[in-house]
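What follows is the residue order along each chain.
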Protein chains: 2
Amino acid sequence: MAVSITYPSSSSWWQIPVGSDFSLANLPFGVVARPGHEAMVVVRVGDSVVDLAAAGIEPELTAAPALNQLMASGRGPAVRLAARDVLLGPPRPEVIVPLADVTVLLPIDIGDYVDFYASEQHATNLGKMFRPDGDALLPNWKHLPVGYHGRAGSVVVSGTDVVRPSGLALRDGEVRFGPSTLLDIELEVGFVVGRPGNRIDVDHADQYVFGAVLLNDWSARDIQSFEYQPLGPHLGKSFATTISPWVVTIEALREAGTFCSPPAQDPIPADYLRAEQPWALNLDLEVHMNDTMISSTSFREMYWTFAQMLAHMTVNGASVRTGDLFGSGTVSGAAANQRGSLIELTWRGTEPLTLADGSTRTFLQDGDTIVLRGSAGSGSSRIGFGDCTGTILPAP
Amino acid sequence: MAVSITYPSSSSWWQIPVGSDFSLANLPFGVVARPGHEAMVVVRVGDSVVDLAAAGIEPELTAAPALNQLMASGRGPAVRLAARDVLLGPPRPEVIVPLADVTVLLPIDIGDYVDFYASEQHATNLGKMFRPDGDALLPNWKHLPVGYHGRAGSVVVSGTDVVRPSGLALRDGEVRFGPSTLLDIELEVGFVVGRPGNRIDVDHADQYVFGAVLLNDWSARDIQSFEYQPLGPHLGKSFATTISPWVVTIEALREAGTFCSPPAQDPIPADYLRAEQPWALNLDLEVHMNDTMISSTSFREMYWTFAQMLAHMTVNGASVRTGDLFGSGTVSGAAANQRGSLIELTWRGTEPLTLADGSTRTFLQDGDTIVLRGSAGSGSSRIGFGDCTGTILPAP
């Protein structure tokens, strides 16, 4: 594992709470609005944001309602370092805005959204449940990172309520329309494309990925299982996908010592998927339902890396554009409490979870709140994503 | 069928070739660039375009590099009528630009792209080929319009060359990487969303759809068949999708008497898919390979209508945005020469086509050019889409 770089929070004139996800080591980008101002690109620090345009940091890129221009410019790393310089230099309280005074917005204008299926444990668990008599993994799974396009227009920022979707499903053996009764979550990590490209070399992935977010791929299992043959999921997924608002940069992940070697792959994949660099990410991930932590897992065991996903997505000549988003697929570990979806955590509803208030759950009930959390590193090199949260509202 | 409205081309001061797809009855929208000018929204007429901004027609909407602003404004029908008034009024040759003097661009900034699978003949043909021992249609097919998300960033305008994609496929029983050897076409009609919405009433679909284009969903069958389980097609489709450049408006389709009753549906679909209005479209469609017409079919027999697709896509709460595109899926009729893909026309390569030059084809060869054509109405109410074309370039 790479050696991490430390940035003690005490070295800034601005007070950063101890243990904050948003230490000087992180400085992720986001977009906020405040009354009387246009939406603007900011850097998050502690419980506040740095108004980059007010600080005079590349205002032609940062006085913008999305990160896209900044990401396309290639100036992201320099802007982040300039923000750190401000926080380490002479006090400039006029460039700091408390988070309580802003509305946090979706940070990117998303082009295409692709969702992968890269956890061997998750694919195996779902295979066992849905194809009990066959091989748990399909023949393609270890040859390429299986993925499909999701709905970019339904990606929402953390904190947006999620309305329970309705659709056709098999209900008591009949095809009937109604609200989903098997509403689920998927704990994922999402990657944001900065620089456009095609036929991207797997070992150059870090030149094209701007950063990462947490991603909850809400899933209506009953709608999904009726509709998905032969062309894949559609309405069972397209109603909402939530991402965390702060894009943690590739540089922050590297400085925190997050990059590490992925699990060995057998069979050895095709040349275009074979990497020299260690593209796994040592991220600790958690899922909280209401006040109970229901899953705690790691991203480092994912079978396919984000670099392999990007190389795969573009090997056929397809371009990625600035603002494209791709998700890892559900992150599930080997142990029962390391699974990243309710269908796995409750084994298709047969093993209900018990929450701190004594109530039990199989799938999501109206009013339930899900929070995803993620972090890397420790001590003064620790960085985090902040909450990726949503609350279920009843079907209309 | 609705009574069509006639607009004799002779009633304009501008000369429109007899039999042009772009008669006074049509006046579709597109976007062009010419040297020394910004890209602009135009209306196509005969072999020329009307420079709407130069004609003083809503320049704040038409001096734009895409149709999106115009579509979102709801002023499309009024702008089209104003263009017709110009062509029927006193001569104003200064607002006409010959097509030869412009570059035709992709007309829309596409949000999400969804592709359906709405032809019963096509779904049955593919079912017979891929699942010879099972039912040709899967259990969900007659209950809902099956569809999935495609890659918006790979949609290109007619005339763009298509580079043969490479990918992993089963080749002689082994998983190997290489150029696709089963490169195919799909004859489709695409629909462009004008006004945003969600939970759209099937009988209000015409309030949200701005117009239609021809669409070729190029498909690498070998890549697709290896990758597509369980999440649907990805790299087998994502390398390119071609659309015709002129968006034929809902108003033009209506005036040409195109709307008609769809085939009866059995079983009767769910309420949200049950329409009072006749949403089928009586379009004549053709596929040409090099100089040979290889398919001639009609859109009117499609099992699911565009209105049902739009209602379905939004019934779970998902929004459609201005510029979203959805495709019908391959249009195949009952007869062998009415099929809309090579895999069907050659029955998986077992019945090669013979072209006018005496050569034979199963799937696409490098250098082959495909042209899709489509039209509706007849005489002075006839309208057409113009060519939707692409030529295959070798894999790099």
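Attention in this report is confined to the structure presented alongside it. Fair warning: this is a prediction, and the values are worked out from it, not measured in the lab.

Comments concerning the overall build of chain A
Piece 1. For chain A, the count of helices and strands is 8 helices and 29 strands.
Piece 2. Taken over the C-alpha trace, chain A has a radius of gyration of 21 Å; the compact-globule value for 396 residues is 21 Å, and the two agree within 12%.
Piece 3. Taking the principal axes of the C-alpha coordinates as reference, chain A spans close to 70 × 50 × 35 Å.
Piece 4. The buried share among the 396 residues of chain A stands at 60%.
Piece 5. At a minimum sequence separation of 6, the contacts of chain A that also span at least 24 residues come to 72%.

Considering the interface of chain A and chain B
Piece 1. Counting residues at the interface gives 50 residues for chain A, matched by 50 residues for chain B.
Piece 2. Here chain A is connected to chain B by 2 salt bridges.
Piece 3. The closest approach of N and O atoms between A:Arg151 and B:Asp324, which form a salt bridge, is 2.9 Å.
Piece 4. Between the two partners, chain A and chain B, sit 22 residue pairs in polar contact (both at pLDDT 80 or more).
Piece 5. Of all the secondary structure elements, the ones that give two or more residues to the side of chain A that touches chain B are strand E6 (113-116), strand E7 (147-150), strand E10 (166-171), strand E11 (174-179), helix H5 (221-227), helix H7 (306-314) and strand E23 (319-320) of chain A.
Piece 6. In terms of residue count, E7(A) provides more of the side of chain A that touches chain B than any other element does, 4 residues in total.
Piece 7. Here the residues of the side of chain A that touches chain B sort into 29 nonpolar, 15 polar and 6 charged.

Observations regarding the layout of surface pockets
Piece 1. Put simply, the largest pocket is a space of about 430 Å³.
Piece 2. Along the walls of the largest pocket sit 18 residues, with A:Asp109, A:Ile110, A:Gly111, B:Gly111 and B:Arg321 positioned nearest its centre.
Piece 3. Looking at side-chain class alone, the lining of the largest pocket contains 7 nonpolar, 6 polar and 5 charged residues.

Some thoughts on the nonpolar core
Piece 1. A:Phe306, A:Leu310, A:Phe326, B:Phe306, B:Leu310 and B:Phe326 are the most contacted members of the largest nonpolar core, which totals 233 residues.
Piece 2. The residues touching A:Phe326, leaving out its near neighbours within four places in the chain, are A:Val114, A:Phe116, A:Val189, A:Gly190, A:Phe191, A:Val193, A:Val209, A:Phe306, A:Met309, A:Leu310 and A:Met313.

A look at the environment of A:Ser359
Residues and elements named next belong to chain A.
Piece 1. Tracing the backbone shows Ser359 in the loop between strand E25 (353-354) and strand E26 (360-361).
Piece 2. Judged by its relative accessible area of 22%, Ser359 falls in the partly exposed class.
Piece 3. Taking the C-alpha atoms as reference points, Ser359 and Gln338, 21 residues apart in sequence, are found 21 Å from one another.
Piece 4. Those residues in contact with Ser359 that lie beyond four places of it in its chain are Leu353 and Thr354.
Piece 5. There is a polar contact of 2.6 Å between the side chain of Ser359 and the side chain of Asp357.
Piece 6. Separated by 3.2 Å, the side chains of Ser359 and Arg361 make a polar contact.

Section: the sheet that holds strand E4 (residues 96-98) of chain B
Residue and element names in this part refer to chain B.
Piece 1. Pairing is antiparallel in the open sheet, where 5 strands are placed in the order E4-E3-E2-E1-E5. Across the chains shown, the open sheet's two edge strands, defined by having one partner strand only, are E4 and strand E5 (103-105). The average undirected angle you get between the axes of adjacent strands in this sheet is 50 degrees.
Piece 2. The sheet contacts of helix H3 (residues 76-88) involve strand E1 (29-33), strand E2 (40-45), strand E3 (48-51) and E4, and relative to E1 the element is tilted by about 75 degrees.

Notes on the packing of aromatic side chains
Piece 1. The tally for this structure, following the rule as stated, stands at 26 aromatic pairs over all chains.
Piece 2. Between the aromatic rings of B:Trp279 and B:Phe306, the centroid separation amounts to 5.6 Å while the plane-to-plane angle is 75 degrees, which identifies the pairing as edge-to-face. One end of the pair, B:Trp279, is in the loop between strand E19 (259-260) and strand E20 (280-281); the other, B:Phe306, is in helix H7 (residues 306-314), with 27 residues separating them in the sequence. With respect to class, B:Trp279 is no different from B:Phe306; both count as buried.
Piece 3. Every member of this aromatic cluster is reached through a ring pair, and the members are A:Phe116, A:Phe191, A:Phe259, A:Trp279, A:Phe299, A:Phe306 and A:Phe326.
Piece 4. Above the face of the A:Phe259 ring, A:Arg254 is positioned so that its terminal group lies 5.2 Å from the ring centre.

Focus: the pattern of salt bridges
Two side chains of opposite charge can pair, provided their charged atoms sit close to one another.
All names here are of chain A.
Piece 1. Per the counting criterion, the structure on display carries 39 salt bridges over all chains.
Piece 2. Its salt-bridge partner being Glu186, residue Arg221 comes within 2.9 Å of it at the nearest N-O pair. Here the residue Arg221 occupies a position in helix H5, and Glu186 occupies one in the loop between strand E12 (183-184) and strand E13 (187-193), the gap between them amounting to 35 residues. Taken as a pair, Arg221 and Glu186 share a single burial class, namely buried.

Some thoughts on the side chain of B:Asp115
Piece 1. Among the secondary structure elements, B:Asp115 is positioned in strand E6 (residues 113-116).
Piece 2. No salt bridge is formed by the buried B:Asp115; its nearest oppositely charged neighbour, B:Lys237, is found at 5.0 Å.

Focus: H3(B)
All names here are of chain B.
Piece 1. For H3, which comprises 13 residues, the first-to-last C-alpha distance of 18 Å matches the rise-based estimate of 18 Å (1.5 Å per residue) to within 8%.
Piece 2. Within the sequence span of H3, burial applies to Gly76, Val79, Arg80, Ala83, Arg84, Val86 and Leu87. Down the axis of H3, the smallest arc covering the buried residues is 155 degrees, so these residues share one side.

Thresholds applied
Residues numbered from 1 in each chain as written. Chains lettered and ligands numbered in written order. Predicted model: local features only at pLDDT ≥ 70, side-chain atom pairs only at ≥ 80, totals over all residues. Heavy atoms only, no water. Helix = DSSP H or I, 4+ residues; strand = E, 2+ residues; numbered from the N terminus. Rg over C-alpha atoms; globule rule 2.2 N^0.38 Å. Buried < 20%, exposed > 50% of the residue type's maximum accessible area, 1.4 Å probe, protein only. Contact = heavy atoms within 4.5 Å. Salt bridge = Lys/Arg side-chain N within 4 Å of Asp/Glu carboxyl O. Polar contact = N/O pair within 3.5 Å; in protein donor to acceptor, adjacent residues only side chain to side chain. Nonpolar A, V, L, I, M, F, W, Y, C, P; charged D, E, K, R; others polar. 1 Å grid on protein atoms, 1.4 Å probe; cavity = no way out; pocket = protein on both sides within 12 Å on 5 of 7 lines; lining within 4 Å. Points joined across faces, edges and corners; volume = space filled by probe spheres on them. Core = buried A, V, L, I, M, F, W, Y, C linked by side-chain atoms within 4.5 Å. Pairing = 2+ DSSP bridges. Axes fitted to C-alpha atoms, helices over the stretch in contact; angles between N-to-C directions. Phe/Tyr/Trp six-rings, centres within 6.5 Å; stacked < 30°, edge-to-face > 60°. Lys NZ or Arg CZ within 6 Å of the ring centre and 35° of its normal. Lys, Arg positive; Asp, Glu negative; His and termini not counted. Expected span 1.5 Å × (residues − 1). Arc of directions from axis to C-beta.

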